[in-house]
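Here's the letter readout for the chains.
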Amino acid sequence: MANLSQTMTVPGQQDTPPEKAAIEVANLSHIYAGAQGAVPALEDISMSVGSGRFVVIVGPSGCGKTSLLMMLAGLRAQSQGTILCHGRPISNPDPQRVGVIFQEASLYPWLTALDNIEFPLSLRGAPRDERRRRAQAMLILVGLEGFGERYPHELSGGMKQRVSIARGLVQDPPVLLMDEPFAALDEQTRMTMGHELLRIWSKTSKTVVFITHSLTEAVFLADEVLVMSARPGRIIDRIAVTLTRPRTYEMMATDAFGQLRERIWHQIRKAD
Amino acid sequence: MSRAQIIMTRLALLALVLAAWELLPRHQVVNPLLLPPLGDVLSMLGKLLLQARVHEAIGVTAAEVVVAFLIAVPLGAVLGVLIAESDYLGEVFKPMLFYVFSIPKSIFLPMFILAFGITFAQKVAYAAFTTTFVVMISAATAVESVKQDYILVARSYGATRAQILMRVYVPSMMPLLLEALRISMIFNFTGVMIAEMYASRTGIGHMISGWGENFQMPELFAGVILLSAVAVLFNEAVRFFEARCSAWRT
Ligand SMILES: Nc1ncnc2c1ncn2[C@@H]1O[C@H](COP(=O)(O)OP(=O)(O)OP(=O)(O)O)[C@@H](O)[C@H]1O
Ligand SMILES: [Mg+2]
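Source: prediction; values computed, not measured.

## Quick notes on the layout of surface pockets
Residue and element names in this part refer to chain B.
- A volume near 450 Å³ is recorded for the second largest pocket.
- Forming the walls of the second largest pocket are 17 residues, and the residues nearest its centre are Glu85, Ile151, Arg161, Ile164 and Tyr169.
- For the lining of the second largest pocket, the elements supplying multiple residues, two or more each, are α3 (52–85), α7 (148–156) and α8 (161–198).
- When residues in the lining of the second largest pocket are grouped by element, the largest group, six residues, is from α8.
- Class assignment for the residues of the lining of the second largest pocket results in eleven nonpolar, one polar and five charged.

## Let's talk about the site of ligand 1
Residues and elements named next belong to chain A.
- If you check the shell around ligand 1, you find 13 residues, and the closest are Ser61, Lys65, Thr66, Ser67 and Arg231.
- Separating an oxygen atom of ligand 1 from a backbone N or O atom of Gly64 is a distance of 2.9 Å.
- Relative to its free-state accessible area of 630 Å², ligand 1 is covered by the protein chains to the extent of 65%.
- It is helix α2 (residues 65–72) that contributes the most residues to the shell around ligand 1, three residues altogether.
- Residue composition of the shell around ligand 1, by class: three nonpolar, six polar and four charged.

## Structural notes on the environment of Ala237(B)
All names here are of chain B.
- Residue position: Ala237 is located in helix α10 (residues 217–245).
- For Ala237, a relative accessible area of 44% corresponds to the partly exposed category.
- Separated by 73 residues in the primary sequence, Ala237 and Ile164 place their C-alpha atoms 30 Å from one another.

## Quick word on the domain arrangement of chain A
All names here are of chain A.
- Domain parsing of chain A yields domain 1 (19–97 + 174–272) and domain 2 (106–172).
- Together, Gln96, Met193 and Ile200 form the three largest contributors to the area buried by domain 1 at its contact with domain 2, with a combined 34%.
- As a salt-bridge pair, Lys206 and Asp172 come within 2.4 Å of each other at their nearest N and O atoms.
- Remark: the boundary between domain 1 and domain 2 carries four residue pairs in polar contact (both at pLDDT 80 or more).

## Brief notes about the pairing of strand β8 (residues 207–211) of chain A
Residues and elements named next belong to chain A.
- Most of β8 sits inside the fold, with five of its five residues counted as buried.
- With burial as the criterion, each face of β8 is covered, one bearing Thr207, Val209 and Ile211 and the other bearing Val208 and Phe210.
- For strand β3 (residues 54–58) and β8, the ladder comprises four bridges, and the chain directions are parallel. Looking across to β8, one finds that Val55 is bridged to Val209.
- Bridging between strand β7 (residues 175–179) and β8 involves five bridges; their strand directions are parallel. From the neighbouring strand, Leu177 faces β8, where its bridge partner is Val209.
- Tracing the backbone out of β7, into helix α6 (residues 187–204) and back to the parallel element β8 gives a crossover that is right-handed.

## As for the interface of chain A and chain B
- At the junction of the two partners, chain A supplies 21 residues and chain B supplies 18 residues.
- Both faces considered, chain A and chain B share a buried interface measuring about 1900 Å² in area, 67% of it formed by carbon and sulfur atoms.
- Its largest share of buried area at the contact with chain B, chain A owes to Leu75(A), Trp110(A) and Leu123(A), together 34% of the area lost on that side.
- Between chain A and chain B we count zero salt bridges in total.
- Looking at the side of chain A that touches chain B, the elements that each hand over two or more residues are α3 (113–123) and α5 (157–169) of chain A.
- If one sorts the elements of the side of chain A that touches chain B by residue count, α3(A) sits on top with four residues.
- Looking at the side of chain A that touches chain B residue by residue, the class counts come to 14 nonpolar, five polar and two charged.

## Regarding the sheet that holds strand β5 (residues 88–89) of chain A
All names here are of chain A.
- On the basis of which strands lie adjacent, the open sheet formed by four strands has the order β2-β1-β4-β5 and antiparallel pairing. What marks the edges here is a single partner per strand, and that holds for β2 (37–50) and β5.
- The pairing of strand β1 (residues 21–34) with strand β4 (residues 80–85) spans five bridges and is classified as antiparallel. What sits directly across from Val25, in β4, is Ile83.
- Packing of α2 onto the sheet brings it into contact with β1, β2 and β4, and relative to β1 it is tilted by some 120°.

What counts, and where the lines are drawn
- Residues numbered from 1 in each chain as written.
- Chains lettered and ligands numbered in written order.
- Predicted model: local features only at pLDDT ≥ 70, side-chain atom pairs only at ≥ 80, totals over all residues.
- Heavy atoms only, no water.
- 1 Å grid on protein atoms, 1.4 Å probe; cavity = no way out; pocket = protein on both sides within 12 Å on 5 of 7 lines; lining within 4 Å.
- Points joined across faces, edges and corners; volume = space filled by probe spheres on them.
- Helix = DSSP H or I, 4+ residues; strand = E, 2+ residues; numbered from the N terminus.
- Nonpolar A, V, L, I, M, F, W, Y, C, P; charged D, E, K, R; others polar.
- Near = heavy atom within 4 Å.
- Polar contact = N/O pair within 3.5 Å; in protein donor to acceptor, adjacent residues only side chain to side chain.
- Areas by Shrake-Rupley, 256 points an atom, 1.4 Å probe, with all protein chains shown as cover.
- Buried < 20%, exposed > 50% of the residue type's maximum accessible area, 1.4 Å probe, protein only.
- Domains from an automatic or database assignment.
- Buried area = accessible area lost by both parts, 1.4 Å probe.
- Salt bridge = Lys/Arg side-chain N within 4 Å of Asp/Glu carboxyl O.
- Pairing = 2+ DSSP bridges.
- Right-handed = clockwise from strand over helix to strand, strands pointing away.
- Contact = heavy atoms within 4.5 Å.
- Axes fitted to C-alpha atoms, helices over the stretch in contact; angles between N-to-C directions.

Given below as structure tokens:
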């Protein structure tokens, strides 16, 4: 039945997606004007991320994942194509709609954990009480109660990344973009953080776009995995991860998990 | 080693040096004409400190140091930020700057004397000239030290240009700038001294070089102690400012 409706879809007359899309990218391409000539980085990317979904992007190094994320965040303008976030175009950073979490926690070393979390609120001049209250709530959400007065250099890598997530969540944006947020962490902390992220996500019902190089992490976290080709980056496969939620560490040992991981690996090898 | 032990060791070393300074010349182990005993030097310092012309010299030197510093720091900071922030100015001036920086500035001193005569302005201009380079290069380095990630994060949270400047650039550069301030003060003080010793009618540097030429060793060493005290004072003044500015240190 599902197959039938797909084959019958005519371009320009697609059936409406079952859920409202939080992010819609249509025919996005990007060319960098480098010193050694033009670098085509992204080619004809179209994707749709349903509201509340957890989508993971994987692809070979240099295929344009970070570039795509920057454009979704409104931090960089694409050469061609459109990006809609909840139906409205994104052209400038809009922290009310989109929160970004970067690879390095990139916390400000001159601010305490709490002040770092408050930073986005203080930029728009929120009253002090409100700032404190919301930052405290975020600190508790990410499991760092009591660490608010510490400076980043007094925190472990995992704790820093938790603060960074809290900072991304403090304005309560419906969409969260994460660029390899756990890449700098050791394997064990990384898995714990993934688990933590799912816990937080299930409580906040955000739409998440998450970039990673780790296939295990991709399968563990995602509703859907998008595989990109080597430069210029195109989306060459979309893999639905049908594992039930909540995800557990035990699932990683199952055949279903292994097969999904295998399929992504196969696609990436083709892509490179 | 505990903190107290370290301090004790330091004091012991200092006492040892001072005792050697007093005792070795006193007992003719070293020639007291070349190195007068500490006691003689200190009593000379006491006498000098009562003299009006010494007061005047201290006043003139201090004024030169302060004025040159107040000119060089903002000037160097603005120029440094400009060459760091503007790709064009950076490309044009940075190589030149590094070449000029490598030249000993004292060879320009005769030009300052020709331009300003042997005056207050000559010392200030020369010291400010040498210090501006240091501040400029430090400021440019400080700007370049600001991590792009920090700026990106602020932009992603919708920071305006002014907010990025005040909330990211300034605090991020602060430790380097404060460090630079102290080093600039050392260069600045050295500049004033060189200018005074080279050609001057007053100032501590001028007095010291005069005593040296006339082989007045007690006066010379008293002058050196006095000068060291003034230099340490300026250094501490900058450090006091530094401590008040830097809430965080890594
Ligand atoms: N500002 C830029 N100017 C010119 N070229 C750029 C710029 N930023 C990225 N590129 C190029 O675009 C391509 C994609 O870069 P991007 O950082 O998006 O890749 P990525 O998929 O995130 O890589 P990685 O997995 O290593 O993080 C790379 O070839 C890169 O060299
Ligand atoms: Mg990247």
